[in-house]
Amino acid sequence: MKFYAISAGHKTGIFTKQQEYTQYTAHFSGVCAKAFATKEAAAAWLDSQKQAGLVSTTPAACSARHSAKRYYAVSRGRKTGIITDTAQYYSYTQGYKGARAKSFSNYRAAKAWLQREQIYQAHEADGAASSLLHTPPYSAALQRRIQLSREVKAYIQTLDAQRILVVDIELTGLLPTDEILQVSIVNGLGQVVYNHYFCPQKITSWDRAMEIHHITPAMVADKPSFQTAVPALTQLFVNAQLIVGYSTMQDISHLHAYGVQFPHAPIYLDIGEAYSFVHTDILHPRTYAKLKTCAAHYGYTDVSWHNSLADTKATQYCFDAMLEDDDALFRLMSF
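No experiment lies behind these values; they were computed from the predicted model shown.

Novice: So what exactly am I meant to see when it comes to helix H1 (residues 18–25) here?
Specialist: Working note: α-helix, 3.6 residues per turn, so residues spaced by three or four point in the same direction. Those residues of H1 not exposed but buried are Tyr21, Tyr24 and Thr25. Each buried residue of H1 lies within a common arc of 90 degrees when the element is viewed along its axis, so the set occupies one face. For H1, exposure combined with an orientation more than 90 degrees from the buried face picks out Gln19 and Gln23. Immediately downstream of H1, the backbone of His27 shows phi near 60 degrees, a positive value.

Written as structure tokens, this is what we have:
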């Protein structure tokens, strides 16, 4: 049995049912909650939150992840549209039967969601299916995937953001034998926890890859070999609760081939795969979009690309945005 401690949500306290946890945290701006194996541990954490003055049923920031300006898109309510005032948002939706609304970290994502909602509602008014989610033969499989995604996203909200690791690497090329030039990791709060360059031991030039990531042989000539980093990286990853990336398993496989150890557990999330549902509008076959396309969709404006640290920051930004996007379907993978 798990014990869900909620210090910031529609209702606070300790709960044992997943349904209660979802009910009291869904659509709450600044939700703060964690899952524990024992009631005592949950109570101790909740007490520490109380002492810090962080227990509240008023939508507010509980961590750096939720401290930015919010955009509320309302597709069904007393009034519809995109607003930034929390009190106004609740006046439009609370007590309104069938209200539909979502909170976003940027205007572009809020607008995209509202436009989709308007299209779906127009279809419903005409008696047509609102999307392929309700069109055989995809309905059953997609509905299962949607439910799985909701459960995964609810679970992620219970994790320690400092133990969520977003990773990206740069290589001398695309082959399994290519060597690692750079590894960058940020945590779920967007803080850089690792960013180092390495000198290849066998490959001396990588002109084609250099055109993409701009890492020259001169830049890494005095850097250590990747083998010196294996113990530190292993320690980071084995203590992680969630490992996120864009085409995650390719990077993880390459790091593992060079000696880094990873947990054999379902804690790996590929947001490129999740975004494929948004990118293709749930049409088959789904295709992967570039990270740059995904980032632009969610309003990311940083123009620095393809250095692994820049890519990692963009991936973390998209991860946060996709937690709030019902069309981005999450699933956890094992290694």
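Novice: When you look at the nonpolar core in this model, what are you seeing that I'm missing?
Specialist: Soluble globular proteins: nonpolar side chains tend toward being buried together. Core analysis: the biggest nonpolar cluster contains 37 residues, and Ile156, Tyr298, Phe319, Met322 and Phe330 have the highest contact counts within it. Elements with a minimum of two residues in this core: strand S4 (71–76), helix H4 (107–125), helix H5 (139–156), strand S7 (164–171), strand S10 (242–245), helix H10 (271–279), helix H11 (291–297) and helix H12 (308–322). Here this core takes 6 residues from H12, the largest share from any one element. Non-local contacts of Ile156, meaning those with residues more than four positions away in its chain, are made with Ile164, Leu242, Leu269, Phe319, Leu323 and Phe330.

Novice: Looking at this structure, I do not really get the sheet that holds S7. What am I missing?
Specialist: Taken in spatial order, the 5 strands line up as S9-S8-S7-S10-S11 in an open sheet, and their pairing is mixed. Across the chains shown, the open sheet's two edge strands, defined by having one partner strand only, are strand S9 (192–197) and strand S11 (268–270). Put simply, the sheet's adjacent strands are angled 20 degrees from each other on average, direction ignored. For S10 and S11, the ladder comprises 3 bridges, and the chain directions are parallel. If you follow Gly245 over to S11, its bridge partner there is Asp270. Packed onto the sheet, helix H9 (residues 248–257) meets S7, strand S8 (180–187), S10 and S11 and runs at close to 70 degrees relative to S7.

Novice: In this structure, what is going on with the pattern of salt bridges? I would like to understand it.
Specialist: Oppositely charged side chains can form a pair if their charged atoms are brought close together. A full pass over the atoms with the stated rule returns 4 salt bridges. Residues Arg70 and Glu324 are paired through a salt bridge, measuring 2.2 Å at the closest nitrogen-oxygen approach. Within this pair, whereas Arg70 is found in the loop between helix H2 (39–51) and S4, its partner Glu324 is found in the segment after H12, the two being separated by 254 residues in sequence. Per residue, the accessibility class of Arg70 equals that of Glu324, and both read buried. Across the pair Glu273 and Arg145 runs a salt bridge, and its minimum N-O distance is 2.8 Å.

Novice: Even after reading the chapter, I still don't get the environment of Gln147, so can you show me in this structure?
Specialist: Turning to its location among the elements, Gln147 is positioned in helix H5. In sequence terms Gln147 and Leu329 are 182 residues apart; their C-alpha atoms lie 9.0 Å from each other.

Novice: What should I look at first to understand the sheet that holds strand S2 (residues 13–15) in this one?
Specialist: Hydrogen bonds between backbone groups are what pair the strands of a sheet, and the pairing can be parallel or antiparallel. Read across the sheet, 3 strands follow the order S2-S1-S3 without closing on themselves; strand pairing throughout is antiparallel. Because the sheet does not close on itself, it has two edges, and the strands there are S2 and strand S3 (32–36). On average, each strand axis in the sheet is tilted by 20 degrees relative to the strand beside it, whichever way the strands run. Looking at chain direction, strand S1 (residues 3–8) and S3 are connected through 5 bridges and run antiparallel. Paired with Ile6 across the bridge in S3 is Ala33. Of the strands in this sheet, S1, S2 and S3 are in contact with H1, which crosses S1 at around 10 degrees.

Novice: What's the story with unusual backbone geometry in this structure? I'm lost.
Specialist: Across the chain, the bulk of peptide bonds are trans and the bulk of non-glycine residues have phi less than zero. Phi at His214 is positive, roughly 60 degrees, even though this residue is not glycine. Among the structural elements, His214 can be located in the loop between helix H6 (207–213) and helix H7 (217–220).

Novice: Explanation requested: the packing of H10 against H12 in the structure shown.
Specialist: Axes are the key here: two packed helices are described by the angle between their axes and the distance separating the axes. Interaxial distance between H10 and H12 falls to 11 Å at its minimum, and their mutual angle equals 50 degrees. Taken as axis vectors, H10 and H12 run oblique relative to one another. Here H10 runs over H12; the crossing is left-handed. Residues Ile271, Ala274 and Tyr275 of H10 form the contact with H12, whose participating residues are Thr315, Cys318, Phe319 and Met322. Tallied by class, residues from the contact of H10 with H12 come to 6 nonpolar, 1 polar and no charged.

Novice: Would you mind showing me how to read the side chain of Lys102 here?
Specialist: Looking at where Lys102 falls in the secondary structure, it is placed in strand S6 (residues 100–104). Side chain to side chain, Lys102 and Asp326 meet in a polar contact 3.5 Å long. In this structure, Lys102 is in contact with His27, Tyr71, Tyr72, Ala73, Trp113, Glu324, Asp325 and Asp326, ignoring residues within four places of it in sequence.

Cut-offs used in this document
- Per chain, residue numbering runs from 1 following the sequence as it is written.
- The predicted nature of this model means local features are confined to residues of pLDDT at least 70 and side-chain atom pairs, given and counted, to a pLDDT of 80 or more, with totals for whole chains, interfaces and linings taken over all residues.
- To obtain the side-chain values, all non-hydrogen atoms of the structure were included, while hydrogens and water were left out.
- Exposure classes here rest on a 1.4 Å probe applied to the protein chains alone. A residue is buried below 20% of its type maximum, exposed above 50%, and partly exposed in between.
- Under the DSSP-based scheme used, a helix requires at least four consecutive residues in state H or I and a strand at least two consecutive residues in state E, with every element numbered from the N terminus.
- Think of the arc as the fan of directions from the helix axis to the C-beta atoms.
- Remark: nonpolar core denotes a set of buried residues (Ala, Val, Leu, Ile, Met, Phe, Trp, Tyr, Cys) joined through side-chain atoms within 4.5 Å.
- The contact definition used throughout considers only heavy atoms, calling two residues in contact when any of these lie within 4.5 Å.
- When DSSP finds two or more bridges between two strands, those strands count as paired.
- All axes are obtained by fitting lines to C-alpha atoms, using only the stretch in contact for helices, and the reported angles, taken between N-to-C directions, cover 0 to 180 degrees.
- Each salt bridge in this description consists of a side-chain nitrogen of Lys or Arg and a carboxyl oxygen of Asp or Glu lying within 4 Å of one another.
- Roughly parallel means an angle under 35 degrees; roughly antiparallel means over 145; roughly perpendicular covers 65 to 115; every other angle is labelled oblique.
- Handedness of a helix crossing follows the sense of rotation of the near helix relative to the far helix, less than a right angle counterclockwise being left-handed and clockwise being right-handed.
- Note that Gly is not counted as nonpolar here; it falls among the polar residues with everything else outside the nonpolar set of Ala, Val, Leu, Ile, Met, Phe, Trp, Tyr, Cys and Pro and the charged set of Asp, Glu, Lys and Arg.
- For the purposes of these results, a polar contact is taken to be a pair of N or O atoms within 3.5 Å, where, inside protein, one atom must be able to donate a hydrogen and its partner to accept one; residues adjacent in sequence count only when each atom of the pair is a side-chain atom.

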